[in-house]
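One-letter residues, chain by chain:
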Amino acid sequence: MQRIEVIDSHTAGEPTRVVVAGAPDLGPGTLAERRDRLAARFDVDASRIVNEPRGSDVIVGAWLTPAVDASCTTGVIYFDNVGVIGMCGHGTIGVVATLAHLGRITPGAHRIETPVGIVATRLAADGTVTVENVPSHRAHAAVAIDVPGIGRVSGDVAWGGNWFYIVAGHGHELAAPNIEALTAQAWRIRGALNAQGHPEVDHIELVGPAAHPAASSRNFVLCPGKAYDRSPCGTGTSARLACLAADGALAEGERWVQESIIGSTFVASYRWHDRRTGSIVPSIAGRAFVTAETTLVFDELDPYRQGIRAR
Ligand code: PYC
C-alpha cells in the first residue's frame, strides 16, 4: 500500500488538494524542470491524486516541493485533471491557508516559488490571503476566430500565469443555470482557437456584467480539462486586469471585484511592472477554508489506483 497525505480546501468554492507528505521526490533542478518531470509522469503520479475515484474533475492539485530560491517558504507545482498548469491563484490561496492550518506559517509575508515565477503572498490575521501574481500582459487584442456552430468570435489573448482567451461578446447570460451551455460554448471556442493559431491558450474566460452591485464584473472560466472554475480564477483575473490596463479601462491601484459564475469574489488591483510593454503585477485577495485532512491509499491490486482520466 502506498500512502499520500493531502489537505483539501476550497477557495471561493474552487477546491485545492495540497500534497503534504508521501509523494515521490521530483528530483533536483528548477521548478520548471520538476514540473516537466511531473508532467511526464502525470498518468502515474498525479492523475491518481485529483481524478476519480479519489477526487473529481474539478480538483486542482498543489504538489509541494522544496523551493530553489532561499527567500521562498516553499515551491509548488499545480496540476489539474489532465496535466500540469503554470500558476494557480485560487490554489496559491489554498496553499497558504493549508500551511497555516498545519502550523507551518503564521500571518505575514510568504514568497512561493512556481514553475512560472515567484509569487509574493500575505496572510492576514483574519485568514485573507493576498497574492501578488507573476507579471501578466495582454499578448494579442481582438483576435477573431471562426467557431463551428457559433460563428465569428473575438477576444483577447492574455497571460496571467496561464494563457487565457477572454471573450465579452459571447451572447450568454453568465448564470448558474447556463453552466452546461457555457461549458459547451467555451469548449468549442477553445478548439477553434487552438486550431486557428493559438495552441498555447488552454483557459477560456467569458466575461460579462456582475450580478452583485458591489462587484465589477462576472466571469466563467473553463479550465484545460473541461471543468469550470467555481472561483473567479486568480490567473484569469490577472489576465483580465492586464487587458483592462492595456485598454486604459482600469487605473493602477484601482479596486476591481471579480465575481465568479457561482457569485464568489476576489478583490483585485494591479501595479505597473513595465508600462512600455504593458506588463502589470496583479494582486488578488481571497479566502480559503480547509475541508479535509486525508490519507489517500493506493492498493497495488486496485485497477483504478492511477485514477480515471476522463480526457
Ligand atoms: O485560480 O488561477 C486560478 C485557477 C486556475 C485554474 C483553476 N483556478
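Scroll up for the structure.
As the structure is a prediction and not an experimental result, all values here were calculated from the model. (Residues numbered from 1 in each chain as written. Predicted model: local features only at pLDDT ≥ 70, side-chain atom pairs only at ≥ 80, totals over all residues. Heavy atoms only, no water.)

A. Inspection of the pairing of strand β14 (residues 256-259) at higher detail. Here β14 shows a buried face lined by Trp256 and Gln258 and a second buried face lined by Val257 and Glu259. Alignment of strand β13 (residues 217-222) against β14, held across two bridges, turns out to be parallel. Directly across from Ser217, in β14, lies its bridge partner Gln258. Between the parallel elements β13 and β14, the chain passes through helix α5 (residues 234-246) in a crossover that is right-handed. With four bridges connecting them, β14 and strand β15 (residues 265-274) associate as antiparallel partners. Along β15, the bridge assignment pairs Gln258 with Phe266. Two successive antiparallel strands, β14 and β15, enclose a turn made up of five residues, where Gly263 displays a positive phi of approximately 95°. (Buried < 20%, exposed > 50% of the residue type's maximum accessible area, 1.4 Å probe, protein only. Helix = DSSP H or I, 4+ residues; strand = E, 2+ residues; numbered from the N terminus. Pairing = 2+ DSSP bridges. Right-handed = clockwise from strand over helix to strand, strands pointing away.)

B. Just the site of the ligand, in detail. Close to the ligand lie Cys88, Gly89, His90, His203, Cys223, Asp229, Cys233, Gly234 and Thr235, which account for all nearby residues. A distance of 2.7 Å is found between a nitrogen atom of the ligand and a side-chain nitrogen or oxygen belonging to Asp229. Between the ligand and Thr235, the relevant distance is 2.7 Å, taken from an oxygen atom to a side-chain nitrogen or oxygen of the residue. When the ligand is considered free in solution it has 240 Å² of accessible area, and contact with the protein chains removes 99% of it. At the level of secondary structure, the elements contributing two or more residues to the shell around the ligand comprise α3 (89-101) and α5. (Near = heavy atom within 4 Å. Polar contact = N/O pair within 3.5 Å; in protein donor to acceptor, adjacent residues only side chain to side chain. Areas by Shrake-Rupley, 256 points an atom, 1.4 Å probe, with all protein chains shown as cover.)

C. Spotlight on unusual backbone geometry. Cis rather than trans, the peptide bond between Glu52 and Pro53 has omega equal to 5°. Residue position: Pro53 is located in the loop between α2 (42-50) and β3 (60-65). Phi at Ala12 is positive, roughly 55°, even though this residue is not glycine. Relative to the helices and strands, Ala12 is located in the loop between β1 (2-11) and β2 (14-21). Look at Ala142: it is not a glycine, yet its phi comes out positive at around 50°. Of note, Ala142 is situated in strand β9 (residues 137-147). Judged by its relative accessible area of 53%, Ala142 is exposed.

D. Main features of the side chain of Ser47. Its location among the elements puts Ser47 in helix α2. Excluding its chain neighbours within four sequence positions, the residues that come into contact with Ser47 are Phe42, Gln306, Gly307 and Arg309. (Contact = heavy atoms within 4.5 Å.)

E. Focus on the pattern of salt bridges. In this structure the tally under the stated criterion is 13 salt bridges. Residue Asp8 pairs with Arg17 through a salt bridge whose shortest N-O separation is 2.8 Å. Residues Asp8 and Arg17 agree in their burial class; the two are buried. Across the pair Glu132 and Arg271 runs a salt bridge, and its minimum N-O distance is 3.1 Å. Here Glu132, found in strand β8 (residues 129-132), pairs with Arg271, found in strand β15; they are 139 residues apart in sequence, far enough to count as distant. The structure contains a network of salt bridges with shared partners spanning Arg41, Asp45 and Arg48. (Salt bridge = Lys/Arg side-chain N within 4 Å of Asp/Glu carboxyl O.)

F. Local environment of the packing of aromatic side chains. Throughout the structure, instances matching the rule amount to four aromatic pairs. Judged by centre distance (5.4 Å) and plane angle (55°), the ring pair of Trp159 and Trp163 falls under tilted. Aromatic side chains Phe220 and Tyr228 sit 5.8 Å apart centroid to centroid with 20° between the ring planes, which places their arrangement in the stacked category. Owing to a relative accessible area of 15%, Tyr228 belongs among the buried residues under this scheme. Directly above the aromatic system of Tyr228 lies the positively charged group of Arg230, at a separation of 3.8 Å from the ring centroid. (Phe/Tyr/Trp six-rings, centres within 6.5 Å; stacked < 30°, edge-to-face > 60°. Lys NZ or Arg CZ within 6 Å of the ring centre and 35° of its normal.)

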